[in-house]
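# Architecture and fold: a report
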Amino acid sequence: MAENIDEVVDGLAAIVRQAGRDGDRVGYFAALYRQVTVEVRRAIHGGQFEDGARMDRFDTLFGNRYFDAYDAWRRDRGGPRCWRETFGLLDDDDTVIVQHLILGVNAHINLDLAIAAARTSPGEDIRSLRGDFLLINDILARVVLAVEDSVGELSPLLSLLDRIGARTDEQILDFSVRQSRAEAWHNAVLLAGQNEEQRAATIERLDVRAAVLARLIARPGGLVQPALQLIRSTESDDVPAVIAHLDRAMEQPAAGREAR
């Protein structure tokens, strides 16, 4: 259990290192998430948030949601539905890199983000969190874009998704990062004003919805599935090398991202 954002970064880095040693695809999303957290920590230290101490607490609660889900999965294949869907595909050789990433983003945004925000600022205090919440969204979008570019280097035929309309800058398959961030804020405000029984029902609803989205991301219909099969055939099977590449995404030249 992390006590602060530094421990969240360290915990994610440990998962990435172990995944690299084991050839475990859990390292794909963990590498993306580590970079998001490093960027949030940098923004806290740089005084970019209205309340840096509050954002440290927020990010710690957010990180612990992921650690708890991962520990539950490793222990007895338990945890929230959406995370079970996500972790359950780690050994699926047919799932492409970008799907693993978006599955993790889906669970963490559509379930965990609102819960962490509401716990950080319960009741009417949630209103004062909005500005800093939106800044975290900006950081997330920047890192996701960098990692998408990194995936493009690992996945030569990923552009096929553009050609069939299944991938745009902020929408991959049926998952919209922009829409999900907006919905997470709405749900955070809802949770912050609810009693314990109401919160439990809302969290259950969010988990079910995120699990449904996970299944759509994993097995999309139409022309997307054949395209994914072709994309997967050109991707590297060297999981440790993929993890290492993804974990350096924010260190790579940004010229391509700025041009988009």
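Whatever comes next refers back to the structure up there.
Now for a description of the structure that goes with this document. (Residues numbered from 1 in each chain as written. Predicted model: local features only at pLDDT ≥ 70, side-chain atom pairs only at ≥ 80, totals over all residues. Heavy atoms only, no water.)

Turning our eyes to something else, we now look at the packing of helix α6 (residues 130–154) against helix α11 (residues 239–246). Between α6 and α11, the shortest axis-to-axis distance is 9 Å and the interhelical angle comes to 145°. Helix-helix and strand crossings are classified by hand; for α6 and α11 the assignment is right-handed. Facing α6, whose interface residues are Val147, Ser150, Val151, Glu153 and Leu154, α11 presents Val242, His245 and Leu246. Of the residues that constitute the contact of α6 with α11, the class distribution is five nonpolar, two polar and one charged. (Axes fitted to C-alpha atoms, helices over the stretch in contact; angles between N-to-C directions. Helix = DSSP H or I, 4+ residues; strand = E, 2+ residues; numbered from the N terminus. Left-handed = near helix turned anticlockwise from the far one by under 90°. Contact = heavy atoms within 4.5 Å. Nonpolar A, V, L, I, M, F, W, Y, C, P; charged D, E, K, R; others polar.)

The full count for this structure, using the stated rule, is 15 aromatic pairs. Geometrically, the ring pair formed by Tyr66 and Phe87 is tilted, given 6.4 Å between the ring centres and 55° between the ring planes. On the criterion of sequence distance, the pair formed by Tyr66 in helix α3 (residues 52–76) and Phe87 in helix α4 (residues 81–87) is long-range, its members being 21 residues apart. Look at Tyr66 and you get buried, because its relative accessible area is 0%. Owing to a relative accessible area of 4%, Phe87 belongs among the buried residues under this scheme. In textbook terms, an aromatic cluster arises when at least three aromatic residues are bridged by ring pairs, as seen for Phe29, Tyr33, Phe58, Phe62, Tyr66, Phe67, Tyr70, Trp73, Trp83, Phe87, Phe133 and Trp185. (Phe/Tyr/Trp six-rings, centres within 6.5 Å; stacked < 30°, edge-to-face > 60°. Buried < 20%, exposed > 50% of the residue type's maximum accessible area, 1.4 Å probe, protein only.)

Okay, a nonpolar patch on the surface next. A surface patch of nonpolar side chains, about 200 Å² in accessible area, is lined by Val208, Val212 and Leu216. Considering the arrangement of structural elements, one finds Val208 in helix α9 (residues 196–218). (Patch = residues over 30% accessible without salt bridge, like charges linked within 9 Å, V, L, I, M, F, W, Y side chains within 5 Å. Areas by Shrake-Rupley, 256 points an atom, 1.4 Å probe, with all protein chains shown as cover. Salt bridge = Lys/Arg side-chain N within 4 Å of Asp/Glu carboxyl O.)

Inspection of the secondary structure puts Leu190 in helix α8 (residues 177–192). Each C-alpha atom of the pair Leu190 and Thr202 lies 8.5 Å from the other, and the pair is 12 residues apart in sequence.

A few words now on the pattern of salt bridges. Within the structure shown, the criterion is met by 14 salt bridges. The salt bridge involving Arg81 is made with Glu204; its shortest N-O contact spans 2.8 Å. Residue Arg81 is located in helix α4, and its partner Glu204 is located in helix α9; the two are separated by 123 residues in the primary sequence. For Arg215, the salt bridge is made with Glu85, and the minimal N-O distance between the two is 2.7 Å. Note that Arg215 is positioned in helix α9 and Glu85 in helix α4, a separation of 130 residues in sequence. Each of the salt bridges in this network shares a partner with another, and the network as a whole consists of Glu39, Arg42 and Arg142.

This paragraph deals with helix α1 (residues 5–22). A rise of 1.5 Å per residue sets the reference length of α1, with its 18 residues, at 26 Å; its end C-alpha atoms lie 26 Å apart and thus fit the reference within 8%. Those residues of α1 lying buried are Ile5, Val8, Val9, Leu12, Ala13, Ile15, Val16 and Ala19. Looking straight down α1, one finds that the buried residues subtend no more than 155° of arc, so they occupy a single side. Opposite its buried face, α1 presents the exposed residues Arg21 and Asp22, each directed more than 90 degrees away. Residues of α1 that are buried in the fold lie against α2 (26–45), α3 and α11. Looking one or two residues beyond α1, the residue adopting positive phi is Gly23, at roughly 70°. (Expected span 1.5 Å × (residues − 1). Arc of directions from axis to C-beta.)

Assignment of secondary structure puts Arg34 in helix α2. Every residue in contact with Arg34, bar those within four places of it in the chain, is listed here: Val9, Leu12, Ala13 and Asp247.

This part takes up unusual backbone geometry. The residue Arg77 is not glycine, and still its phi comes out positive at about 60°. On the secondary structure map, Arg77 appears in the loop between α3 and α4. A relative accessible area of 49% places Arg77 in the partly exposed class.

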